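This is what each chain is made of:
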Amino acid sequence: DAAINRIAAGEVVERPASAVKELVENAIDAGGRRIEIAYADGGKTLIRITDDGCGITEAQLPLALSRHATSKIDGSDLLDIHTFGFRGEALPSLGAVGRLSITSRVGRAAAASIAVEGGQMGPVKPAALSGGTIVELRDLFYATPARLKFMRSDRAEAQAITDVVKRLAMAEPFIGFTLRDVTGGGEGRVTFRAEAESGDLFDALHGRLARILGKEFAENALKIDAEREGLRLIGYAALPTYSRGSSVAQYLFVNGRPVKDKLLVGALRGAYFDYLSRDRHPAAALFIDCDPHLVDVNVHPAKSEVRFRDPGLARGLIVSSLRHALAEAGH
Ligand code: ADP
Ligand code: MG
């Protein structure tokens, strides 16, 4: 019910950027090839995600807003998680703390929409849409004044949204992303755009990293491609001579999910130990992919921490393959 949703929302949605993360992950899960994200006033008054993915049928619309309704898992194997979403919590949570509306269309069926406000679901209505899904979240936390107080300036929240979108875009180089600030209405202003990359995975990733981290990173990046006992590691790691001063450019992903994990950050640092002085941070974008049974992504609702079944294996893979690449490059 509404109260439970509001409590769950506190865990899933901390700020506009966490709402953006959930909604963009849904768009990715839906197979979207072009995803547009618009926000106003740092996402506080409006967040709108438009995708060209599979859509939601009219009959499924109310279900998508129901607690623990997810189309992504059948409940038989909680560890077998291949998509981002697996809790069915995001949409009901967002509907409990903001004014949420979903408009969607599947194939040639008619488009439909549904709205939920303060946890109260409205009727499914006919709508106009050529395909895919538009999710709109207005007035986040309007019903929870305590949370409103904790939001930072529009500028800071917009920055957090941009970071989230860039991280997700990094892991999905074949998907096109557009981020727009529509404060004040109208078309707004494009603040980030990455066209869908082409070529093989490494070409695409390299192109996307150049777009997000800059040409200089891409030109100074070593290709990483290694595997050990079912753990695959790919990505790019910067030469020790590439310096971003004191700023940290470390992007780590497990099964496509952006993570901030102590073990992985420690491994990255360990790999560069002989090459970088203590006050400098290695720059890298690394992707670990493995069978979902080898890693637990269910540690925290915000889903940014992971637990490997064999932490030593993950650490060893990173340290040895990065050191190997650095040595090959003459370091
Ligand atoms: P989860 O992602 O954990 O399944 P959510 O609450 O985020 O839970 O979404 C509930 C369901 O709504 C999803 O399982 C999916 O079936 C549907 N859904 C949500 N967003 C989209 C989208 N953009 N396109 C298609 N289906 C969607
Ligand atoms: Mg989801």
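Residues numbered from 1 in each chain as written. Chains lettered and ligands numbered in written order. Predicted model: local features only at pLDDT ≥ 70, side-chain atom pairs only at ≥ 80, totals over all residues.

K.L.:
For the environment of Leu-201, give the residues involved together with the corresponding values.
P.N.:
Topologically, Leu-201 is positioned in helix H7 (residues 201-213). Overall, Leu-201 belongs to the partly exposed group, with 13 C-beta atoms counted inside 10 Å. The sequence separation of Leu-201 and Glu-172 amounts to 29 residues, and the corresponding C-alpha distance is 9.8 Å. (Helix = DSSP H or I, 4+ residues; strand = E, 2+ residues; numbered from the N terminus. Buried ≥ 20, exposed ≤ 12 C-beta atoms within 10 Å, placed from the backbone.)

K.L.:
For the environment of Ser-101, give the residues involved together with the corresponding values.
P.N.:
Within the secondary structure, Ser-101 sits in strand S3 (residues 99-105). Ser-101 sits in the buried class, given 20 other C-beta atoms within 10 Å. Taking C-alpha positions, Ser-101 is 31 Å from Val-254, a pair spaced 153 residues apart along the chain. Every residue in contact with Ser-101, bar those within four places of it in the chain, is listed here: Ser-113, Ile-114, Ala-115 and Glu-136. (Contact = placed C-beta atoms within 7 Å.)

K.L.:
Before we move on, could you go through the confidence of the model for the protein chain and cite the residues and values that matter?
P.N.:
On average, residues of the protein chain score 88 in pLDDT, and 87% of them are at 70 or above. Per-residue pLDDT stays below 50 along residues 75-82; that stretch engages in 8 contacts with residues further than four places along the chain or on separate chains. Two summary scores accompany this predicted model of the complex, namely pTM at 0.90 and ipTM at 0.99. (pLDDT = per-residue confidence, 0-100.)

K.L.:
How would you summarise the nonpolar core if you had to cite specific residues and measurements?
P.N.:
Formed by 82 residues in total, the largest nonpolar core has its most connected members in Val-20, Val-24, Val-165, Leu-286 and Ile-318. A domain-level breakdown of this core finds at least three residues from each of domain 1 (2-194) and domain 2 (213-328). (Core = buried A, V, L, I, M, F, W, Y, C linked by C-beta atoms within 7 Å. Domains from an automatic or database assignment.)

K.L.:
Residue-level account of the pairing of strand S7 (residues 132-138), with values.
P.N.:
Consecutive side chains along a regular strand alternate between the two faces of the sheet. Of all 7 residues making up S7, 5 are buried, and the element is well covered by its neighbours. In the sheet, strand S2 (residues 46-51) pairs with S7 via 6 bridges, with the strands oriented antiparallel. Residue pairing across strands places Arg-48 opposite Glu-136, the latter belonging to S7. (Pairing = 2+ DSSP bridges.)

K.L.:
Got a sec to walk through the environment of Ile-134? Specific residues and values, please.
P.N.:
Residue position: Ile-134 is located in strand S7. On a C-alpha basis, the gap between Ile-134 and Asp-51 in space is 6.5 Å, while along the polypeptide they are 83 residues apart. The residues contacting Ile-134, other than those within four sequence positions of it, are Arg-48, Thr-50, Thr-103 and Leu-129.

K.L.:
Quick one: what's the story with the sheet that holds strand S13 (residues 257-259), residue by residue and with numbers?
P.N.:
Strands in a sheet are paired, the pairing made by backbone hydrogen bonds, and the direction either parallel or antiparallel. Pairing is mixed across the open sheet formed by 5 strands, whose spatial order is S10-S11-S14-S12-S13. The open sheet is flanked by strand S10 (221-228) and S13, the only strands paired with a single partner. The average angle at which neighbouring strand axes cross in this sheet is 20°, direction not considered. Here S10 runs beside strand S11 (residues 231-238); their pairing, made up of 8 bridges, is antiparallel. (Axes fitted to C-alpha atoms, helices over the stretch in contact; angles between N-to-C directions.)

K.L.:
I'd like a description of the packing of helix H9 (residues 262-271) against helix H10 (residues 311-328), backed by residues and values.
P.N.:
It is at 8 Å that the axes of H9 and H10 come closest, and there the two elements cross at 30°. On the basis of their axis angle, the class for H9 and H10 is roughly parallel. Note that H9 runs across H10; the crossing there is right-handed. For the pair H9 and H10, the contacting residues are Leu-263, Leu-264, Ala-267, Leu-268, Gly-270 and Ala-271 in the first and Pro-311, Ala-314, Arg-315, Ile-318, Val-319, Leu-322 and Arg-323 in the second. Of the residues that constitute the contact of H9 with H10, the class distribution is 10 nonpolar, 1 polar and 2 charged. (Parallel < 35°, antiparallel > 145°, perpendicular 65-115°, else oblique. Left-handed = near helix turned anticlockwise from the far one by under 90°. Nonpolar A, V, L, I, M, F, W, Y, C, P; charged D, E, K, R; others polar.)

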